[in-house]
Amino acid sequence: MVNFSLLLEGFLACLLPVNLFALFVGTAFGIVIGALPGLTSTVAVAVLLPVTFSMDPGTGLILLGSTYGGAMYGGSISAILLNTPGTPAAAATCIEGYPMAKKGRAGEALGMAAVASFIGGTLSIIALIFVAPPLAKVALTFGPLEYFFLALCGMSIVISISTNSLTKGFISAIIGLLLGTVGMDPIVGFERYTFDSINLMMGLPLVPTLVGMLSTSQLLLLAEEKSQTILKVNTVSGKICPSWADLKRLKAVLIRSSLIGIVVGALPGAGANISTFLAYDDAKRISKHPEQFGTGIVDGIAATESSNNAITGGAMATMLTLGIPGSNTTAIMLGGLMIHGLQPGPGFFTDASGSAYTFMAGLLIANFIMLAIGLLAVRAFMHVVKIPNNVLIAVVMVMSVVGSYAINNSMFDVGLMLVFGVIGYLLRKGGFNVVPIVLGLVLGPIAEKGFRRAIVLSKGNFFGFFMSRPISVVLAIVTLIFIGWPIYKWIKSQKNRSTAQAQ
């Protein structure tokens, strides 16, 4: 049960000048780092971790927590303005954000991203406060088979986003799945496609690969365009903050996507990469105008960004109540807790109640700070699109190189980023969508590891093992619906088109 008196004390503690300063600095720093291609929330939190050593545990925790939330939102800024996701999770935001910017609606897209991130983050922290223990217990019931179907469910979005050519979409997804097999075999430990390189033993580094595929390839395409054609952006005097009518219309999308983020965030190792694509696909399925998705529509941004920031509460619920980090970022935060002498687990909310409730109260306040910065700084963000092509390409390229290098301090990662930039460029020129490649690369290893471990655990009786796990059955049914419904609609549209042509 929630101790409301301790929660009130936590809010009062957050109003101390030192804690308010930590909240503002953490949120602003997270937004800046998240907006830089390749510099993820993990990097942002890792950079600030040593700074917290001399702080009070409550102050140190809210500094790290606000940085986490700010970085998750910050990734949408470059995704919308440059088609370059600041964080891997923001890749889904590129699908609708960049087309909106090209139509001169960048301010509207950035405003929706800020509001959706605020709603998702706020709902996730409320969930953290009230339902953290039961949510974490549900996450513990997920075994390898459940992770397999969860990843398969995420892969089903390939059908939805491959509107131009389903064949090319499947080819792109297969390329991503093949790339995901690079590295050590997850079961027997043999090397696969490493070419005797120690740098590939753990698989393709995710950040350099994604930055190359999504960012560098986009820069090469921009290099072909004239400077004045990069974006047709109007003045920022137009619509920025979503209207009440827009939010009312998108109420179901925002709530459903936030719930997806909270649940997926609570699953250790799942993360925002799965959540944002699941939320986007869900928003498209329930939409009355799914044909508009991919052309620049706020519904998609509302889905991806609310789910993106809702990850934070779910991931921290698992970390605080069970001591199991739900993401790479919370793994670093787990280390920070232990450095301060705090032991996450079932007794955390009683043994360290003061720090725990100050932390959760601070996270709620941080979301309001993030919303204020996100809406008030839109005019500053918009100046990015007024930079000439040659300057913009040079600046983003430098940031991409720095971001790729910073993860492992490896020039190999920089070379890998450049290689995948060329590959992504050639694929885009050939009419292929690179997002299914990203999906295959991110979800493929999760699906393979889950399926093969399930085979081992079933001892030859896979069907019986499958039927004995109700959650797997539910996920399998949901996956079949996600795959079958778009195919049915596509076949129906083809028949209607043929009938219309015959008449």
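The shown structure was predicted, so the numbers you read here are calculated from the model rather than taken from an experiment.

Undergrad: Sorry, what's going on with the overall build of the protein chain here?
TA: Along the backbone of the protein chain there are 23 helices and two strands. Here the protein chain holds 503 residues, and 58% of them are scored as buried. Of all intrachain contacts in the protein chain linking residues separated by at least 6 positions in sequence, the fraction that spans at least 24 positions is 78%. When the accessible surface of the protein chain is totalled, it reaches about 20,900 Å², and 69% of it is carbon and sulfur.

Undergrad: What should I look at first to understand the confidence of the model for the protein chain in this one?
TA: Predicted coordinates in regions of low pLDDT should not be interpreted in detail. Per-chain confidence: the protein chain averages 79 in pLDDT, with 86% of residues scoring 70 or above. This model gives residues 228-237 a pLDDT under 50, and the stretch forms 24 contacts once residues within four places in sequence are excluded.

Undergrad: Explanation requested: the environment of Gly300 in the structure shown.
TA: Positionally, Gly300 belongs in helix 14 (residues 298-322). Separated by 23 residues in sequence, Gly300 and Phe277 place their C-alpha atoms 9.9 Å apart. The residues contacting Gly300, other than those within four sequence positions of it, are Glu96, Tyr280 and Phe293.

Undergrad: I would appreciate a short explanation of unusual backbone geometry in the present structure.
TA: Excluding glycine, residues mostly have negative phi values, and the peptide bonds linking residues are mostly trans. In the Ramachandran plot, Tyr193 falls in the positive-phi region, its phi being about 55° despite a non-glycine side chain. By the element assignment, Tyr193 lies in the loop between strand 2 (191-192) and helix 10 (206-223). According to the relative accessible area criterion, Tyr193 is exposed, its value standing at 55%. Backbone geometry places Asp196, a non-glycine residue, at a positive phi of 60°. In this fold, Asp196 is placed in the loop between strand 2 and helix 10. Given the relative accessible area of 74%, Asp196 is considered exposed.

Undergrad: Which parts of the structure should I look at to understand the packing of helix 9 (residues 166-179) against helix 21 (residues 435-458)?
TA: Two elements in contact, helix 9 and helix 21, have axes separated by 7 Å at closest approach and are oriented at 35°. Both helix 9 and helix 21 take part in a crossing whose hand is right-handed. From helix 9, Gly169, Ser172, Ala173, Ile175, Gly176, Leu177 and Leu179 reach across to helix 21, where they touch Pro436, Ile437, Gly440, Leu441 and Gly444. A breakdown of the residues in the contact of helix 9 with helix 21 according to their chemical character gives seven nonpolar, five polar and no charged.

Undergrad: How should a nonpolar patch on the surface be read in this particular structure?
TA: A cluster of nonpolar side chains, Phe4, Leu123, Ile126, Phe130, Val131, Ile255 and Leu259, forms an exposed patch at the surface whose accessible area comes to about 610 Å². Going through the elements one at a time, helix 6 (106-140) and helix 12 (251-265) are the ones with two or more residues in the nonpolar patch. Here the nonpolar patch gets four residues from one element, more than from any other, and that element is helix 6. By the secondary structure assignment, Val131 is in helix 6. Its relative accessible area of 36% is what places Val131 among the partly exposed residues.

Undergrad: Explain the pattern of salt bridges to me, please; I cannot follow it from the model alone.
TA: Scanning all chains against the criterion turns up nine salt bridges. For the salt bridge of Asp185 with Arg452, the shortest nitrogen-to-oxygen distance reads 2.7 Å. Taken together, the residues Asp185 in the loop between strand 1 (183-184) and strand 2 and Arg452 in helix 21 connect sequence positions 267 residues apart. The exposure class assigned to Asp185 is buried, which follows from its relative accessible area of 11%. By relative accessible area, which is 25% here, Arg452 ends up partly exposed.

Undergrad: How should I be thinking about the environment of Glu191 in this particular structure?
TA: Turning to its location among the elements, Glu191 is positioned in strand 2. On the accessibility criterion, Glu191 (43% relative accessible area) is partly exposed. Between the C-alpha atoms of Glu191 and Met202, which are 11 residues apart in sequence, the distance is 9.3 Å. Residues contacting Glu191, with those up to four places away along its chain left out, are Gly183, Met184, Asp196 and Met201. At 2.8 Å, the side chain of Glu191 and the side chain of Thr194 are in polar contact.

Undergrad: Got a minute to help me understand the packing of helix 2 (residues 17-35) against helix 4 (residues 57-82) in this structure?
TA: What describes two packed helices is the angle between their axes and the distance between those same axes. Where helix 2 contacts helix 4, the axes come no closer than 6 Å and their chain directions differ by 30°. In terms of orientation, helix 2 and helix 4 fall into the roughly parallel class. Between helix 2 and helix 4 the crossing geometry is right-handed. Seen from helix 2, the contacting residues are Val18, Asn19, Ala22, Leu23, Gly26, Thr27, Phe29, Gly30, Ile31, Gly34 and Ala35; seen from helix 4, they are Thr59, Ile62, Leu63, Ser66, Thr67, Gly70, Ala71, Tyr73, Gly74, Gly75, Ile77 and Ser78. Of the residues contributing to the contact of helix 2 with helix 4, the split by class is 11 nonpolar, 12 polar and no charged.

Undergrad: Where do I start with the side chain of Asp413 in this structure?
TA: You can see Asp413 is positioned in helix 20 (residues 411-429). Comment: no salt bridge for buried Asp413; closest opposite-charge side chain is Arg192, at 18 Å. With residues near it in sequence (within four places) discarded, Asp413 still touches Pro205, Pro208, Ser404 and Asn408.

What counts, and at which threshold
- Residues numbered from 1 in each chain as written.
- Predicted model: local features only at pLDDT ≥ 70, side-chain atom pairs only at ≥ 80, totals over all residues.
- Heavy atoms only, no water.
- Helix = DSSP H or I, 4+ residues; strand = E, 2+ residues; numbered from the N terminus.
- Buried < 20%, exposed > 50% of the residue type's maximum accessible area, 1.4 Å probe, protein only.
- Contact = heavy atoms within 4.5 Å.
- Areas by Shrake-Rupley, 256 points an atom, 1.4 Å probe, with all protein chains shown as cover.
- pLDDT = per-residue confidence, 0-100.
- Axes fitted to C-alpha atoms, helices over the stretch in contact; angles between N-to-C directions.
- Left-handed = near helix turned anticlockwise from the far one by under 90°.
- Nonpolar A, V, L, I, M, F, W, Y, C, P; charged D, E, K, R; others polar.
- Patch = residues over 30% accessible without salt bridge, like charges linked within 9 Å, V, L, I, M, F, W, Y side chains within 5 Å.
- Salt bridge = Lys/Arg side-chain N within 4 Å of Asp/Glu carboxyl O.
- Polar contact = N/O pair within 3.5 Å; in protein donor to acceptor, adjacent residues only side chain to side chain.
- Parallel < 35°, antiparallel > 145°, perpendicular 65-115°, else oblique.
- Lys, Arg positive; Asp, Glu negative; His and termini not counted.

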